[in-house]
Amino acid sequence: FKSTSENLATRTLWLLVLVSLSVCICVCRASLPPEEDSAMENIVTEKKAEESHRQDSADLLIFILLLTLTILTIWLFKHRRFRFLHETGLAMIYGLLVGVVLRYGIHVPRDVSNVTLSCHVNASPATLLVNVSGKFYEYTLKGEISANEVNDVQDNEMLRKVTFDPEVFFNILLPPIIFHAGYSLKRRHFFRNMGSILAYAFLGTVISCFIIGLLMYGCVMLMKQVGQLDGDFFFTDCLFFGAIVSATDPVTVLAIFNELQVDVDLYALLFGESVLNDAVAVVLSSSIVAYQPEGDNSHTFEVMAMLKSFGIFLGVFSGSFALGVATGVVTFTKLRDFQLLETALFFLMSWSTFLLAEACGFTGVVAVLFCGITQAHYTYNNLSPESQDRTKQLFELLNFLAENFIFSYMGLTLFTFQNHVFNPMFIVGAFLAVFLGRAANIYPLSFLLNLGRRNKIRSNFQHMMMFAGLRGAMTFALSIRDTATYARQMMFSTTLLVVFFTVWICGGGTTQMLSCQRIRVGVDSDQDNSVSGSERRSTKQESAWLFRIWYNFDHNYLKPILTHSGPPLTATLPPCCGPLARFLTSPQAYENEGQLKDDDSDLILTDGDINLTYGDITVSTDGSGTHTSGGPAFAGATSDDLDRELTYGDHELVMRGTRLVLPMDDSEPPFTDPHHRLRM
C-alpha cells in the first residue's frame, strides 16, 4: 500500500510540473515582443511562398512536358506518314489525359490552417480587406466555389493554378499566331482570289453568325419550355455564341494541304478566309457585347442600338486596320549592320501593335494581322538577309509553340475548369446550327461569286470548304475570356466539344475527303503551269482589276519611299520634283534598280502596262490579251507561240522604264520551232 501511495504522489508531482511548464510557455509566448512575433509570421509566409513557387514550377513543367511529348509524337507521325491525326489533335489528347490525372488522380491533403468564415454581403468584391488583431490583410477574388466543394479548397486551388488567366491567351499566345498568318501570307494566290476571300470572310461570317444565333435562340426557347434551362439566356447571348463559333481555324486541313500540295486556289480560299474571318469574328463579338438599348431591359430589340453596334463594328475594324498598317509602315529599321538589334526591334514593334490597339480600344487581332501583311510587303525588304531568315524562323517557332500550347490547354481545361455547364439539348442544337451556318456561308456565296468569276469555284471545292470549317484557337480564346454567367459557362463547355469534334473528325478525315472529291494534289504552288497562257492572262485580268490603280501607285511611289526596292523616285516623279525625289530615295534603291523584290507582281500588274523583252525584241500586251511584237526574230511568230513563251520562257518584264526579272518554270522547252527561235 505504501509503494502505491508513493507512485501516485510521484505521478501527481510530475503532472504539476508539466502544467506549470505549460503555463510558463504560454506566458512567455504571450509576452514575446511584437518584433519576434512578426518574425515568426514572416518565416511562415516565406515557407508558403516557397511552396507556392514549387507548385507553380511543377504546373509549368506539366505544359512543357506536354509540348515535348507532342513534338516527339509529331516526329513519329511524320516519319510514318500518318495523316489521320494532326499535331493539334494530338496535343488535345495529351491535354485530356493530363487533365484526367489532375482532376481524379491527385488529391492534395487539406491544410489544417485554413479557416472558413461566413460573411453575408450583397456582392462579391474583387479585393477584400480583413482585420486580424489590428493588422489588415488584402485578399483577392479567385472565383466561385460551390457549397459541396468548400471542404476541397486545396484540390480547387491546385486545379485553379493550372487554369490560366484568359488575358494570357489574348496578350501573349494569340499575337504570334495571328502575326505569323499575315507575315507568311502567300500574296500571289491571296490577291488572285481576293474578292472571293473578302466575301467569305466578311459577308459569310455575318451570315453564319446570324444563322447560328437564330437557331440557338430557338433551341434556348425549346429548352425553356421543357424546363432544361437553369439560368438566363438572351438573344444577344445566342448571337455572341454565333459570332465566336463562326471563327474558323482549319490549321489541321491547311497543314495537310501544304504537305500534299493541294490546288493553290483552294488553299488560298481556305487560308484567306480563316485569316480574315478570325478578325471579323472578334470585332463582331465585341459589337454584340456593346449592344445596349435604352431603358431598363438591355435585351430588347431597338433599331438605334443595332445601328450603333454596326457603327462600332465599322469603327473598330477600320481603326484597327489603320493602326496595324501604320505601325507596319513606320517599322523602317536601318540597323542592318547589327542583325540581332534589327531582329529584336522588328519583333518588339510587331508585338506592340497588338497591345497598342487593345490599349486604344481597338482590336489587337485585326491590327497585328494587317501589321504582319504590311511588314511582309515593305519592312521585309529593308531587313538584312540574316534578319529576314531570323524573323521568319522566329515567328514560325512562336506560332508552332503557341498553337500547340493552346490545344493542349483545351484538353486540360475540359477536366480542370470548375464551372462547366453541359446541356445535351444545347450541345445537339449547337452542332446542328454550326453545320447549317457553315452551309449558309459557303454554298450561296459560291453560287453568287461564280456568276462573276472566270475561274469557277467548283462543287468539289465547295464541299471541301464546307468540310474544312474547323474551329480552333480563336473560338476557344473568345469563349474562355468571360465565363462569369450561366450562359457564358454553357457556351464555353459547348465550344470545347465543337472544337474537339471538328479537329478530330473533320481534320482527321481530310485526306479521305480529298480523295472522295477527286481534288488534285501534287501542285507546285510557286510554279503552277498547268494552265495555258490565255488562262493566265484571264486570271490576271480577273484578279487585278481591283488593284491595278493601287499597285501602280504602290510600285512607283510607296515602295521607293518605304523600302530599298522598286524604281527610284527620280524615274517615276515628274522632272520638276527632282530634288524631292532625290531626298526621299535611299541610295540602296539605285543599287537595287532592276531587281524588284515583289512576289506577286506577275499577277496584279495591268496588262496594258507590260512590255516583255527578249533580247532586242519587245512584246507588248493590251487589256484584251492581244500581242504586238517588234524585231526580226518575231517576223513570223504566231499568237500561240507568244503564249507559250509567256507561259514557259525565262523573260524580263519592263514597266515604265523599270526592269523586273521574273524567273518562270523551265520544265518545258521554251520555244522549239526552228522558224521562230528566239535569240537569247
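Residues numbered from 1 in each chain as written. Predicted model: local features only at pLDDT ≥ 70, side-chain atom pairs only at ≥ 80, totals over all residues. Heavy atoms only, no water.

Quick look at the overall build of the protein
Consideration 1: Scanning the protein from terminus to terminus reveals 27 helices and seven strands.
Consideration 2: For the protein, the residues scored as buried account for 47% of the 680 residues in total.
Consideration 3: Roughly 34,700 Å² of accessible area belongs to the protein as shown, and the carbon and sulfur atoms make up 63% of that amount. (Helix = DSSP H or I, 4+ residues; strand = E, 2+ residues; numbered from the N terminus. Buried < 20%, exposed > 50% of the residue type's maximum accessible area, 1.4 Å probe, protein only. Areas by Shrake-Rupley, 256 points an atom, 1.4 Å probe, with all protein chains shown as cover.)

Overview of the pattern of salt bridges
Consideration 1: Per the stated rule, a full pass over the model turns up six salt bridges.
Consideration 2: The shortest N-O distance in the salt bridge between Arg481 and Glu167 comes to 3.5 Å. Of this pair, Arg481 sits in the loop between helix H18 (473–480) and helix H19 (486–508) while Glu167 sits in helix H5 (residues 166–183), and the two are 314 residues apart along the sequence.
Consideration 3: On the basis of relative accessible area, Arg481 is assigned to the partly exposed category, the value being 35%.
Consideration 4: If you follow the salt bridges from partner to partner, you end up with Glu167, Glu358 and Arg481 in one network. (Salt bridge = Lys/Arg side-chain N within 4 Å of Asp/Glu carboxyl O.)

Structural notes on the packing of helix H16 (residues 424–450) against helix H17 (residues 459–467)
Consideration 1: It is the contact of H16 with H17, at a shortest axis distance of 9 Å, that shows an interaxial angle of 150 degrees. Between H16 and H17, the angle is such that the two are roughly antiparallel. Considering the relative orientation of H16 and H17, their crossing is right-handed. Residue-level contacts link Phe435, Arg438, Ala439, Ile442, Tyr443, Ser446 and Asn450 of H16 to Gln462, His463, Met465 and Met466 of H17.
Consideration 2: Within the contact of H16 with H17, the residues separate by chemical class into six nonpolar, four polar and one charged. (Axes fitted to C-alpha atoms, helices over the stretch in contact; angles between N-to-C directions. Parallel < 35°, antiparallel > 145°, perpendicular 65-115°, else oblique. Left-handed = near helix turned anticlockwise from the far one by under 90°. Contact = heavy atoms within 4.5 Å. Nonpolar A, V, L, I, M, F, W, Y, C, P; charged D, E, K, R; others polar.)

Notes on the packing of aromatic side chains
Consideration 1: The full count for this structure, using the stated rule, is 25 aromatic pairs.
Consideration 2: Their ring planes at 40 degrees and their centres at 5.0 Å tell us that Phe63 and Phe405 sit as a pair that is tilted. Of the two residues, Phe63 sits in helix H2 (residues 34–80) while Phe405 sits in helix H15 (residues 385–416), which places them 342 residues apart along the sequence. Of the two residues, Phe63 and Phe405, neither departs from the other in class, the shared state being buried.
Consideration 3: Between Phe233 and Phe426 the ring centres are 5.3 Å apart and the planes differ by 50 degrees, which places this aromatic pair in the tilted class. Highlighted residues: Phe233 in the loop between helix H7 (194–225) and helix H8 (235–244) and Phe426 in helix H16, separated in sequence by 193 residues.
Consideration 4: Overall, the relative accessible area of 4% leaves Phe233 in the buried class.
Consideration 5: According to the relative accessible area criterion, Phe426 is buried, its value standing at 0%. (Phe/Tyr/Trp six-rings, centres within 6.5 Å; stacked < 30°, edge-to-face > 60°.)

As for the side chain of Thr495
Consideration 1: As for its position among the elements, Thr495 is in helix H19.
Consideration 2: The contacts of Thr495, once residues within four sequence positions are left out, are Phe241, Ile244, Val245, Thr475 and Ser479.

As for a nonpolar patch on the surface
Consideration 1: Together, Ile211, Leu215, Leu432, Phe435 and Leu436 give the surface a local cluster of nonpolar side chains, amounting to about 430 Å² of exposed area.
Consideration 2: For the nonpolar patch, the secondary-structure elements that each account for two or more residues are H7 and H16.
Consideration 3: Within the secondary structure layout, Phe435 lies in helix H16. (Patch = residues over 30% accessible without salt bridge, like charges linked within 9 Å, V, L, I, M, F, W, Y side chains within 5 Å.)

Considerations on unusual backbone geometry
Consideration 1: Even without being a glycine, Arg518 presents a positive backbone phi close to 55 degrees.
Consideration 2: One can find Arg518 in the loop between helix H20 (510–517) and helix H21 (533–544).
Consideration 3: Among the residues examined, Arg518 registers a relative accessible area of 75% and is labelled exposed.

Focus: the pairing of strand E2 (residues 135–140)
Consideration 1: In terms of burial, E2 is largely open, as just zero of its six residues are buried.
Consideration 2: Taken together, the six bridges between strand E1 (residues 127–132) and E2 define a ladder with antiparallel strand orientation. Bridge pairing in E2 places Leu128 opposite Tyr139.
Consideration 3: The antiparallel hairpin formed by E1 and E2 contains two residues in its connecting segment, where Ser133 sits at a positive phi of about 55 degrees. (Pairing = 2+ DSSP bridges.)

Considerations on the nonpolar core
Consideration 1: In terms of nonpolar packing, the biggest core is built from 124 residues, with Met216, Phe233, Phe241, Phe257 and Phe476 touching the most fellow members.
Consideration 2: In terms of residue count, helix H10 (residues 264–289) provides more of this core than any other element does, 13 residues in total.
Consideration 3: Counting the residues that make up this core, at least three belong to each of domain 1 (1–31 + 45–82) and domain 2 (166–293 + 301–524).
Consideration 4: Beyond its immediate stretch of four places on either side in the chain, Phe233 contacts Val220, Cys238, Phe426, Ala487, Met490 and Met491. (Core = buried A, V, L, I, M, F, W, Y, C linked by side-chain atoms within 4.5 Å. Domains from an automatic or database assignment.)

Quick look at H8
Consideration 1: For H8, the tally of buried residues reaches nine of ten residues, placing the bulk of the element in the interior.
Consideration 2: Listed in full, the buried residues belonging to H8 are Thr236, Asp237, Cys238, Leu239, Phe240, Phe241, Gly242, Ala243 and Ile244.
Consideration 3: Close packing links the buried residues of H8 with H7, H10, H16, H18 and H19.

Remarks on the side chain of Ser208
Consideration 1: Among the secondary structure elements, Ser208 is positioned in helix H7.
Consideration 2: Judged by relative accessible area, Ser208 falls into the buried class, the value being 3%.
Consideration 3: In this view, Ser208 contacts Ser246, Gly437 and Arg438; residues no more than four positions away in its chain are not counted.

Overview of the environment of His189
Consideration 1: When you line up the elements, His189 lands in helix H6 (residues 187–192).
Consideration 2: C-alpha of His189 to C-alpha of Leu266: the two residues are 77 residues apart in sequence and 9.6 Å apart in space.

A short note on H18
Consideration 1: Burial runs high along H18: eight of the eight residues are buried.
Consideration 2: All of the buried residues along H18 are Ala473, Met474, Thr475, Phe476, Ala477, Leu478, Ser479 and Ile480.
Consideration 3: Those residues of H18 that are buried lie in contact with H5, H8, H10, helix H13 (364–377), H15 and H19.

Details of the confidence of the model for the protein
Consideration 1: When pLDDT is averaged along the protein, the result is 75; 69% of the residues meet or exceed 70.
Consideration 2: Every residue in residues 23–32 scores below 50 in pLDDT, and together they form one contact with partners more than four places removed in sequence or on other chains.
Consideration 3: Below pLDDT 50 for its whole length, residues 596–680 participates in 176 contacts with residues either more than four positions away or in separate chains. (pLDDT = per-residue confidence, 0-100.)

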